[in-house]
Amino acid sequence: RDLHLSIRRQRQMCIRDRYRAKYFGYGPTLAAECLQRDDGLAVPTSTLRDWLCAAGLWQRQRRRKLHRRRRPRREHYGELVQMDGSHHDWFEGRRGTAVLMVMIDDATGRIFAWFFENESWHSAATILRRYVARHGLPRALYVDQHSIYRADWDPTPDEIVAGIEPKTQFGRALHELDVELIRAHSPQAKGRVERVNRTLQDRLVKELTRAGISDLESANRFLEETYLARFNQQFGRTADKVADLHVAVTDERLLRVVSLQQDRVLQPDWTVRWHNGFLQLPRATAEHVQ
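Residues numbered from 1 in each chain as written. Predicted model: local features only at pLDDT ≥ 70, side-chain atom pairs only at ≥ 80, totals over all residues. Heavy atoms only, no water.

### As for the overall build of the chain
Here is the rule we go by: Secondary structure follows DSSP: runs of H or I at least 4 residues long count as helices, runs of E at least 2 residues long count as strands, and numbering of each begins at the N terminus. The reference for a compact globule is 2.2 Å times residues^0.38; the radius of gyration itself is calculated from the C-alpha atoms. Only protein chains enter the accessibility calculation, which uses a 1.4 Å probe; a residue whose area is less than 20% of its type maximum is buried, one above 50% is exposed, and one in between is partly exposed. Throughout, a contact is declared for two residues whenever any of their heavy atoms are within 4.5 Å. Only four residue types enter the charge count: Lys and Arg as positive, Asp and Glu as negative, with His and the chain ends excluded. Charge coordinates come from a single atom per side chain, which is NZ of Lys, CZ of Arg, CG of Asp or CD of Glu.
Helices and strands together make up the secondary structure of the chain, namely ten helices and seven strands. In terms of overall size, the chain is more extended than a compact globule, its C-alpha atoms giving a radius of gyration of 25 Å where 290 residues would be expected to give roughly 19 Å. For the chain, the spread of C-alpha atoms along the principal axes amounts to about 95 × 40 × 35 Å. A total of 290 residues make up the chain; the buried ones form 40% of that total. In the chain, once contacts between residues fewer than 6 apart in sequence are set aside, the share between residues at least 24 apart is 64%. Across the chain, the 48 positively charged side chains and the 38 negatively charged ones have centroids separated by 10 Å.

Shown next, in the form of structure tokens:
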């Protein structure tokens, strides 16, 4: 028995030393996963939590009471996807701040994500194209009240007569693709993507640091080749209904529709005015229009 206790204490000390050296600041759940996956040291999360608390390396977290009832998940994969930009110091000071554009399927909890310098039309359009190229068009997209998605100007007289709501470039693109755009009225309303953002701000930051990644290109390659598949395998779930409601769309149509578009008057010489200059339409285009 004394030998057994001695071996247990040695193992406990070894794991605590490894935690101090490689995983200090990690929560017990994530630390236990990393110890088993990367170091071959299997220890139950509850046991590791007790060891860390006893050594003063971790304090038990008090759970706050829920004050909102969570909305039931949609039943089908592709029925609803939430999208949000997560602004955070993803690289812990090794470079400037960045935004992680995150898309999460409501029924399965599976995510798709990509890093950008900021949250803009370009970042929203790019991640949408990447998601659709891989999975297809979702039936609905749930977003916040960012100006990318919300038109801040009054409708024109023609729009008022026709009962048409003004649309941003992003809203116009989704309308043409027959994807319903739903804008949340509060952060709590899109709680699923907000919660996954917090999880990524804890777990993904640590993974990027351990991998020595300090630039967006490497971070996106890490997401695509390693992290997203592992995350979805661990945290994803099976939808209640089997059918996948994503709709396939050609790359050509996707690029044409998800683009910045403005109306311009075509001049008799087949030119259009653009940013204080003129663009000449190719002869083949002019002949086609005629």
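### Comments concerning the pairing of strand E2 (residues 98-105)
The following threshold applies: Note: two strands are recorded as paired if DSSP finds a minimum of 2 bridges between them.
For E2, the tally of buried residues reaches eight of eight residues, placing the bulk of the element in the interior. Across the two faces of E2 the burial is the same, with Ala 98, Leu 100, Val 102 and Ile 104 and Val 99, Met 101, Met 103 and Asp 105 all buried. As paired strands, strand E1 (residues 81-88) and E2 are joined by eight bridges and run antiparallel to one another. Within E2, the residue paired with His 87 across the bridge is Val 99. In the sheet, E2 pairs with strand E3 (residues 111-116) via six bridges, with the strands oriented antiparallel. Bridging across to E3, Met 101 finds its partner in Trp 114. Connecting the antiparallel pair E2 and E3 is a turn made up of five residues, with Gly 109 showing a positive phi of about 75°.

### Re the sheet that holds E3
For the record, the criterion: Every angle, taken between N-to-C directions, lies between 0 and 180 degrees, and every axis is a line fitted to C-alpha atoms, over only the stretch in contact when it is a helix.
An order of E3-E2-E1-E4-E5 is seen for the five strands of this open sheet, with the pairing classed as mixed. Of all strands in the sheet, those with a lone pairing partner are E3 and strand E5 (180-183), marking the two edges. For this sheet the average axis-to-axis angle between neighbouring strands, irrespective of direction, equals 20°. Running over the sheet, helix H4 (residues 121-135) touches E1, E2 and E3 and is turned about 145° from E3.

### Quick word on the nonpolar core
Applied cut-off: Only buried residues count toward a nonpolar core, which is a set of Ala, Val, Leu, Ile, Met, Phe, Trp, Tyr and Cys residues joined through side-chain atoms within 4.5 Å.
Judged by nonpolar contacts, the single largest core of 52 residues is most densely connected at Met 83, Phe 170 and Leu 204. For Leu 204, the contacting residues outside a window of four places in its chain are Trp 90, Leu 100, Phe 115, Thr 199, Phe 222, Leu 223 and Tyr 227. One finds Tyr 19, Cys 34, Leu 48 and Trp 51 within the second-largest nonpolar core, a separate group that totals 15 residues.

### Section: unusual backbone geometry
Of note in the backbone geometry, Glu 92 takes a positive phi value of approximately 50° without being a glycine. According to the relative accessible area criterion, Glu 92 is partly exposed, its value standing at 45%. One non-glycine residue, Trp 270, lies in the positive phi region at around 60°. Among the secondary structure elements, Trp 270 is positioned in the loop between helix H9 (251-257) and strand E6 (271-274).

### Structural notes on the environment of Asn 118
Convention followed: Here a polar contact means two N or O atoms within 3.5 Å. Within protein one must be a hydrogen donor candidate and the other an acceptor candidate, and residues neighboring in sequence count only if both atoms are side-chain atoms.
With respect to the helices and strands, Asn 118 occurs in the loop between E3 and H4. Residue classification places Asn 118 among the partly exposed positions, given a relative accessible area of 44%. Counting along the chain gives 37 residues from Asn 118 to Pro 155, while the straight-line C-alpha distance between them is 28 Å. Excluding residues that lie within four positions of it along the chain, Asn 118 makes contacts with Val 99 and Ser 123. At a separation of 3.4 Å, a polar atom in the side chain of Asn 118 contacts the side chain of Ser 120.

### Regarding the packing of helix H7 (residues 191-210) against helix H8 (residues 216-235)
Quick note on the threshold: Any angle that is under 35 degrees is reported as roughly parallel, and any over 145 degrees as roughly antiparallel; angles of 65 to 115 degrees are reported as roughly perpendicular and all others as oblique. By the definition used in this description, the sense in which the near helix is turned from the far one sets the handedness, with an anticlockwise turn below a right angle giving left-handed and a clockwise turn giving right-handed. Under the grouping applied here, Gly and all other residues not named as nonpolar or charged are polar, the nonpolar ones being Ala, Val, Leu, Ile, Met, Phe, Trp, Tyr, Cys and Pro and the charged ones Asp, Glu, Lys and Arg.
Packing of H7 against H8 brings their axes to within 12 Å, and their N-to-C directions diverge by 125°. The orientation of H7 with respect to H8, classified from their angle, is oblique. The way H7 lies across H8 gives a crossing that is right-handed. Across from Val 196, Thr 199, Leu 200, Arg 203, Leu 204, Glu 207 and Leu 208 in H7, the residues of H8 making contact are Ala 219, Phe 222, Leu 223, Tyr 227, Arg 230, Phe 231, Gln 234 and Phe 235. Here the contact of H7 with H8 is built from residues that sort into ten nonpolar, two polar and three charged.

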